[in-house]
Every structure is written in C-alpha cells, then in structure tokens.
Amino acid sequence: MVIINLSSMRNGQTGKVTGVGGGFGLRRRLEALGIRVGVNITKVSGATRRGPVVVRAGNTTVAVGHGMARRIRVEVV
Amino acid sequence: MKILLMGNPNVGKSVIFSRLTGANVIASNYPGTTVEFTRGYMRLNGERVEVIDVPGTYTLEPTSRAEQVAVDMLKEAKDSSDNIVIDVVDATNLERNLNLTLQLLKQDIPILICLNLWDETKHVGIKIDVDKLEEILGVPVIPTCALSGEGIAQLIKRLPDAKSKTYEFDEEDRWSEIGKIVESVEDITHRHHTFLDRLGEASIKPATGIPIAVGILAASFAIIRFIGESLIAYLFEPIFEHLWKPVIIRFSAILGSGGFIHDILVGKLFLLNSETEEFISGIVQTGKMIAGNSVVVKTITGELIPAEVTIDFTQSMGLLSTGLFVPFAMVLPYIIAFYLILSFLEDSGYLPRLGVLLDNFMHRLGLHGLSIIPMLLGLGCNVPGALATRVLETKRERFIAATLMAIAIPCMAQIAMIFGLVGKYGIKGLFPVFGTLFVVWFLLGIAMAKFLPGESPEIFVEIPPYRIPNIRALLKKLWMRTHWFLREAIPFVLLGVFIINVLYSLHVIDFFGRIFSPVVKGVLGLPGEAVAALIIGFLRKDIAIGMLAPLGLSIKQLIISSVVLTMYFPCVATFAVLVKELGVKEMLKSTIIMVLSALLVGGALNLILR
C-alpha cells in the first residue's frame, strides 16, 4: 500500500482516495463530481508533468487540472 | 405557479423542457449548454403554467456565473408557495446526482424527481429500484427517457404529489446518507467495455487524441466547404439566376429602370452583352423601355442606342437583388453546413474532449481548455459564443475569451462572404486572411495573459459519455439555428442595404471617405469607398464584406479589408451581448484593444503584402 498523488499514478491504475488537499472549495467541487475520500478512482490519461488528468469515478469521467490532481492523494496497491 | 427544471449539468433538462412546453431550446451533450434560463409554458389542468429551464449545477454553492443563475432562480422561486422543482437526475450517475437532490430536499420548495436517461441504465448494467427510492426520499420518482418522450406523461401526472423537506438528515452526514440510499436501491452488474468507451479513452489521451482531433477538424472543414459550395452551386444560385432574376428585371422595367425607389429596391443595372460591362449609370440613361429588357441609352458620345440590361446579384446593391442574394444564396448555405457539423459534434460529446486536449495550449492564452467551446460557437455566430463564456469561472477569463472571440473569430456569415469574395484566388487569398486572424488570436491571447492581473483557473469538467446523435433532435437543432439566423440576419442585412443606398445618395459616404482617407488610404491602402463597408460593418459583417465586391479591389486590398472588417469592431448584436456580459467599462477596454489592433494589423499587412 502506497499513498501517492493522482498526477503520479500510471494511466490505467486504480486507487482509493485517501484525502484531498487544498481549500474547502476544491474539496466540495470534487465531491460533487464523485471524487471524495473512500472512493475508488481510475486514472484514464494524463502526462506526469503538466497538463490535465482524466480520471474515472464510478460512471463519471472527470478532467481536472494538474494542480488539482497533485492535491488528490490516492492509495494504490 | 412556476415549475423549475433543476439538476446536474448534462442530464437532459433542456430536452425535458422541450417535451413539457413544446418550446424549442438548444440541447447538446456537454455540461454547460444552457447558461441562461429559458421560460416556456405548458397546460396543467386547464391552467397556464410557467416552466423554467435552469442552467445545470452540481451543488447549491455556485462556482461559475451559469451556476449562480441557477441558485438565484431557486431563491426567487421559493418566494411563492405554489412553485415546484423538478429535480432531473442522471440515472446512470445516481450517487453524485443525489448530492444535489438532498440539498434541494432541504430547501423550502416542493420537489419531484425525474430519473432521466433511464434507457441508458440498461446499457451500463445498472438497476435501480424506483419504488424503494421513492419510499426512502418521500417524493415522487419517475423514470424517463426524454429523448423518446417515455415517462413524460407520468411525470406530468405526478406533479401535484411534489413535496418538500421529506428527508431529514444531518448536513455533516450527507455523503454517508447518499451512500446508504444508493446501496439499498442500486444494483450494478459488471459490463464489458463497448466500442464507444474505447473511443472515448482513445480520443482523450494525447498520443491518440491529437491525431484524432486533427482528423476530425480537417474532415469538418472539408465537409462544411463541400456542403456549402454544393448548396450554392446546385440549389441557391440557380434559383436566383433562373427564377428570381427574370422577375426583378421585369419589376425594374415597371419601375422605369431608374430613379430613387428603383435604385433602392432593384439597385444598379448593368448592360448585358456589353464588352466592357459598364454601369448603366456611366451612360446617360433615358429610362424608356423598348421591349423586354431593353432600354434606350445615350452613350458618352451622344448616340442613342437600344441596349439590353440586367442586374448583378453581388454588385447591384438593391434590397431585392443583393439584399436577398447575400443572406440566402451566399451565407445561408454555409450556415446550414456549419451548424449541421457543429450540432453533430455537440451531440456526440466530443467537444469537452477537445477542450481537455487543448488545455495546455489554451493556458498560454490565459484560458483553460473548455474555452474552446465558446470559440467554436463563435465561429457560427459571435452572439451565442459570447453567452457561452459564462461557463468560465473568473471575470478575467471571460474578458479574455470574449475579447479574443470578438476580434479574431469571424462568424460563419462573414466567413461565407470571404469565401465568396476571396475564394476565387484559392489558398493564396484565403490563407493570408485566416492565417493572420489565427496569429492575432494567439498573440493577443498571450499578451492579455501576460498583462492582465490574475491567474487562470485550471480545467475542471465532467467528460460526458459518447452518444450517437439522435437524427431527429439534430435536425431540429439545425432548423432552430437556421431559423434564428434568418430571423436575426435578414432584417439587418436589408437595413444595411437600405442605409447604404441612402448614404450614397446623400453623398455621406463621399464625405466620410474624404475625412477618413488618411487612415483608410494611408494606413490600410484601401480606396475611400471602403469606408462604406466599415460603416455597415457595425450593423452586420456579411453585407459589409459584400459591399467590397463592386469596388474592384486587388487581392491585397481584399485580404486587408477582410481582416480589418473582422477585427475592428463587433457587429451591433454581438456588441449588445458583450456589454451585457462584460459591463460597460470592460467593454470599453475591449473596444480600444479591437480598434488599435485592427489598425496595427491592417497597416502591417499593407506594408508586408505585395
């Protein structure tokens, strides 16, 4: 079990969200789209350096900016 | 009584709205299609009830201007006791849709739930126990498939059962409450990835997505040109040439082939079969018809000869000749072609993917990827483009996006006219026009990103699943947009033609031509009469470009005037929307940027081009 942030996940990798850094506003917006602590998410695409990250949570696919992706902590196997 | 349609973005509220009211609104497959509320009416037990299509929102704590509209609408609706909310829920995404539902259930307004996209639950392997959900939440839950109309009758029938505050919970525990509800009503079976799923992933990963995007955009451009040109060559031009022209020529004869009324309605006449194709006004005209299309004309040498006359649809500048030919036979075909392709892309769900791919690039302009959607809409008409900037989160972004669009994105009406006028020179004429506009768009974006204070927020958007566009819905949308174009454009084109005729006959154009000659001639290298096009360009850009046709401009002058006409100022309709969206002060700032950059770029082209 390792905790990394969403931007350093590999494409196709799945993990469980353990925390969202940053302000309350960001957490709320992510929550509303189904990305919150305890949920399994799968990274669909995204470069490791800059650029947006696309992630799937349940039936929802969401694109988030790189800065946001770095604040989402994920536990991967 | 008022009914508010609320829900997450892209759950089909606008389709439900059309079903309930019979009114037509634009619906697409991407979050944020509706940025302003639309009102419509339906009959309920003999009573006329107002229905409002509210922009989508994920929560009742707004993060964009469009979401703010939604929250304000709800606040206003709570004032009256007989208003209700239809909470439209995406059945394939029950969990996160319930987040808004539970927030709505805390409000002091009766709600009922419309479980839309019900047909899609079967494809994605989701089963929902509707009765149980209804029992838990205490409000009616009606499964619907708005696109086919399934369930709408039931929805209307259950409207009186709407209730408020039926579900008590502690705000702190919202997500665990949602988790409990979902667990007890939803059953998910595993499913295999479909072709559309795989395509969805391929088109969003940069390695495969960029080639796909280039292919889609190139194909779209080719198809739009092909459809536009074919409609003109095989349908609209033949109709005007073979059916309408003989009618106008007869009409011209009835009006006596000349005079003020004649010149406004029919416009200038040309000599047919004359080797020089001189204007009839270049010859002293007696105005007597002999027979058919012939009139007696007096040549410069004083000879009286019979001559056959005709009109030229692109040059006569009468209300019934050029005034109709420009909107119907030059612009309309491209409008149809463009909106057919745009509507297809919108309904398929491709546009947010394009936004993700372009995100890095757009950040250089101080915007994020999603701002490509207002830009694409602006290519059709800058008015909906300006409205669509509402999906952007900050004022700074909206300013940059709206200014860039107003300066460097010509609308389809204008593009069609540029094709018509400059297209005959092929790539040699078209590339400098559109290449220059692209460079201006890019450089101005970089400059604004650098000099305007503030950060650009990151992209944050839901990517909808790919859907195969419903042909009937697509054609309906195409018709709505075409109809909107005809209704908005034709009066302005005719007004423009009318004004220009009056201004010419009062010698106002000559006057302005002389006054602005240092700028128009000196800086831009255009003849004084081009001022007429710049004046009419405030009204509408398409007819303004059309007014260049009789001036006998060189290819260089055509390129410069096409670019300057795009950049120098938005048309009056766009201007009005921009003032509303940006405010007077910001718009003034934007206008200064427009005028200065138009002069700068026009002057530079005049120096660079041969």
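As the structure is a prediction and not an experimental result, all values here were calculated from the model.

Asker: Just give me the short version of the overall build of chain B, but keep the residues and values in it.
Answerer: What chain B contains, in helices and strands, is 26 helices and 13 strands. The principal-axis extents of the C-alpha atoms in chain B amount to approximately 100 × 55 × 45 Å.

Asker: Could you give an account of the overall build of chain A, naming the residues involved and the relevant values?
Answerer: The number of helices and strands found in chain A is two helices and six strands. What you see in chain A, going N to C, is helices and strands ordered as β-β-α-β-β-β-α-β. Scaling as 2.2 N^0.38, a compact globule of 77 residues should have a C-alpha radius of gyration of about 11 Å, and chain A matches this with 11 Å. Seen along its three principal axes, the alpha-carbon backbone of chain A occupies a region of about 25 × 25 × 25 Å. Evaluated residue by residue, chain A yields a buried proportion of 44% over its 77 residues.

Asker: So what's going on with the packing of helix H24 (residues 555-567) of chain B against helix H26 (residues 584-608) of chain B? Residues and values would help.
Answerer: Residues and elements named next belong to chain B. With their axes 9 Å apart at the nearest point, H24 and H26 run at an angle of 170° to one another. Between H24 and H26, the crossing angle belongs to the class labelled roughly antiparallel. Between H24, through Ile 559, Ile 560, Val 563, Val 564 and Met 567, and H26, the contact on the second element is made entirely by Met 594, Ser 597, Ala 598, Val 601, Gly 602, Leu 605 and Asn 606.

Asker: How would you explain the interface of chain A and chain B if you had to name every residue and give the values?
Answerer: Residue-level contacts link 24 residues of chain A with 25 residues of chain B. Looking at the side of chain A that touches chain B, the elements with two or more residues in it are helix H1 (24-32), strand S3 (40-45), strand S5 (60-64) and helix H2 (66-71) of chain A. Among the elements that take part in the side of chain A that touches chain B, S5 of chain A stands out by supplying five residues, more than any other. By residue class, the composition of the side of chain A that touches chain B is 10 nonpolar, 10 polar and four charged.

Asker: Which residues make up the environment of Pro 464 of chain B, and what are the values?
Answerer: Residues and elements named next belong to chain B. You can see Pro 464 is positioned in the loop between strand S13 (460-463) and helix H19 (471-505). Pro 464 sits in the buried class, given 23 other C-beta atoms within 10 Å. With residues near it in sequence (within four places) discarded, Pro 464 still touches Asn 10, Asn 29, Tyr 30, Pro 31, Gly 349 and Pro 352.

Asker: Got a sec to walk through the sheet that holds strand S2 (residues 38-44) of chain B? Specific residues and values, please.
Answerer: Residue and element names in this part refer to chain B. Taken in spatial order, the six strands line up as S2-S3-S1-S4-S5-S7 in an open sheet, and their pairing is mixed. Sheet topology places S2 and strand S7 (141-143) at the edges, where each strand pairs with a single neighbour. For this sheet, the mean inter-axis angle between neighbouring strands, taken without regard to orientation, is 25°. Here three bridges tie strand S5 (residues 111-116) to S7, and the two strands are oriented parallel to one another. Each residue of the ladder has a partner; that of Leu 115, found in S7, is Pro 143. Strands S5 and S7 of the sheet are contacted by helix H5 (residues 130-137), whose axis makes an angle of about 155° with S7.

Asker: Could you give an account of the environment of Leu 269 of chain B, with specific residues and numbers?
Answerer: Considering the arrangement of structural elements, one finds Leu 269 of chain B in the loop between helix H10 (260-265) and strand S9 (270-271). Placed 20 residues apart in sequence, Leu 269 of chain B and Ile 249 of chain B show a C-alpha to C-alpha distance of 9.2 Å.

Asker: Report on the confidence of the model for chain B, specifying residues and quantitative values.
Answerer: Residue and element names in this part refer to chain B. Scored by pLDDT, chain B comes out at a mean of 90, with 95% of its residues at no less than 70. Residue range residues 279-287 is modelled with pLDDT below 50. Its contacts to residues more than four positions away, or to other chains, number 26 contacts. In the model output, the complex is listed with pTM 0.89 alongside ipTM 0.94.

Asker: How would you explain helix H25 (residues 572-582) of chain B if you had to name every residue and give the values?
Answerer: All names here are of chain B. Among the residues making up H25, those that are buried are Thr 574, Val 577, Leu 578 and Leu 582. For H25, the angular spread of buried residues about the axis comes to 110°, placing them on one side. Summarising the contacts, the buried residues of H25 are in contact with helix H15 (382-388), helix H16 (395-408) and H26. A positive backbone phi angle near 95° is found at Gly 583, which sits one or two residues after H25.

Asker: Kindly report on the packing of helix H3 (residues 94-105) of chain B against helix H7 (residues 174-185) of chain B, identifying the contributing residues and their values.
Answerer: Residues and elements named next belong to chain B. Between H3 and H7, the shortest axis-to-axis distance is 10 Å and the interhelical angle comes to 125°. It follows from the interaxial angle that H3 and H7 lie oblique. The hand of the H3/H7 crossing is right-handed. Across the interface between the two elements, Leu 94, Glu 95, Leu 98, Asn 99 and Leu 102 of H3 pack against Arg 174, Glu 177, Ile 178, Ile 181 and Val 182 of H7. Class assignment for the residues of the contact of H3 with H7 results in six nonpolar, one polar and three charged.

Asker: Please set out the pairing of S2 of chain B residue by residue, giving values where relevant.
Answerer: Note: S2 of chain B against strand S3 (residues 47-53) of chain B, seven bridges, orientation antiparallel. Opposite Thr 38 of chain B, over in S3 of chain B, you have Asp 53 of chain B as the bridge partner.

Asker: Go over the pairing of strand S4 (residues 84-90) of chain B with me, naming the residues and quoting the values.
Answerer: Residue and element names in this part refer to chain B. Within S4, seven of the seven residues are buried, leaving the element largely enclosed by the surrounding structure. Bridge count for strand S1 (residues 2-7) against S4 is five bridges, and the pairing is parallel. Directly across from Gly 7, in S4, lies its bridge partner Val 88. The parallel pair S4 and S5 is bridged by H3, and the resulting crossover is right-handed.

Asker: Hey, could you go over the domain arrangement of chain B for me, with residue numbers and the actual values?
Answerer: All names here are of chain B. The domain architecture assigned to chain B consists of domain 1 (2-188) and domain 2 (362-608). Its C-alpha centre places domain 1 at a distance of 38 Å from the equivalent point of domain 2. Each partner contributes residues to the interface: domain 1 has 15 residues there, and domain 2 has 15 residues. Here the side of domain 1 that touches domain 2 is built from residues that sort into seven nonpolar, six polar and two charged.

Asker: Any chance you could break down unusual backbone geometry for me, citing the residues and the numbers?
Answerer: All names here are of chain B. Phi at Asn 45 is positive, roughly 50°, even though this residue is not glycine. The topology assignment puts Asn 45 in the loop between S2 and S3. For Asn 45, a count of 8 C-beta atoms within 10 Å corresponds to the exposed category. Even without glycine at this site, Met 317 takes up a positive phi of about 65°. Summarising the element assignment, Met 317 is placed in the loop between strand S12 (304-310) and helix H11 (322-348).

Asker: Can you lay out the confidence of the model for chain A for me, pointing to particular residues and giving the numbers?
Answerer: The predicted model of chain A has a mean per-residue pLDDT of 89, with 97% of residues at 70 or higher. Confidence, read as mean pLDDT per element, is least for H1 of chain A in chain A (85) and greatest for strand S2 (residues 14-20) of chain A (94).

Asker: Account for the nonpolar core, with residues named and values stated.
Answerer: Residue and element names in this part refer to chain B. In terms of nonpolar packing, the biggest core is built from 187 residues, with Leu 5, Ile 111 and Ile 335 touching the most fellow members. In terms of residue count, H11 provides more of this core than any other element does, 13 residues in total. Each of domain 1 (2-188) and domain 2 (362-608) contributes no fewer than three residues to this core. If we ignore the near neighbours within four places in the chain, the residues touching Leu 5 are Lys 13, Ile 16, Phe 17, Val 51, Ile 52, Asp 53, Val 54, Ile 86 and Val 88.

Asker: Give me the lowdown on the sheet that holds strand S4 (residues 53-57) of chain A, citing residues and values where you can.
Answerer: Hydrogen bonds along the backbone pair up the strands of a sheet, which may run parallel or antiparallel. Within the open sheet, the seven strands sit side by side as S1(A)-S6(A)-S2(A)-S3(A)-S4(A)-S5(A)-S13(B). Their pairing is antiparallel. One side of each edge strand has no neighbouring strand; the edge strands of this open sheet are strand S1 (2-5) of chain A together with S13 of chain B. Neighbour-to-neighbour, the strand axes of the sheet open up by a mean angle of 40°, direction not taken into account. Relative to S4 of chain A, S3 of chain A runs antiparallel, the two being bridged by three bridges. Across the sheet, the residue bridging to Ser 45 of chain A is Val 54 of chain A, located in S4 of chain A.

Here is what the cut-offs are and how they apply
- Residues numbered from 1 in each chain as written.
- Chains lettered and ligands numbered in written order.
- Predicted model: local features only at pLDDT ≥ 70, side-chain atom pairs only at ≥ 80, totals over all residues.
- Helix = DSSP H or I, 4+ residues; strand = E, 2+ residues; numbered from the N terminus.
- Rg over C-alpha atoms; globule rule 2.2 N^0.38 Å.
- Buried ≥ 20, exposed ≤ 12 C-beta atoms within 10 Å, placed from the backbone.
- Axes fitted to C-alpha atoms, helices over the stretch in contact; angles between N-to-C directions.
- Parallel < 35°, antiparallel > 145°, perpendicular 65-115°, else oblique.
- Contact = placed C-beta atoms within 7 Å.
- Nonpolar A, V, L, I, M, F, W, Y, C, P; charged D, E, K, R; others polar.
- Pairing = 2+ DSSP bridges.
- pLDDT = per-residue confidence, 0-100.
- Arc of directions from axis to C-beta.
- Left-handed = near helix turned anticlockwise from the far one by under 90°.
- Right-handed = clockwise from strand over helix to strand, strands pointing away.
- Domains from an automatic or database assignment.
- Core = buried A, V, L, I, M, F, W, Y, C linked by C-beta atoms within 7 Å.

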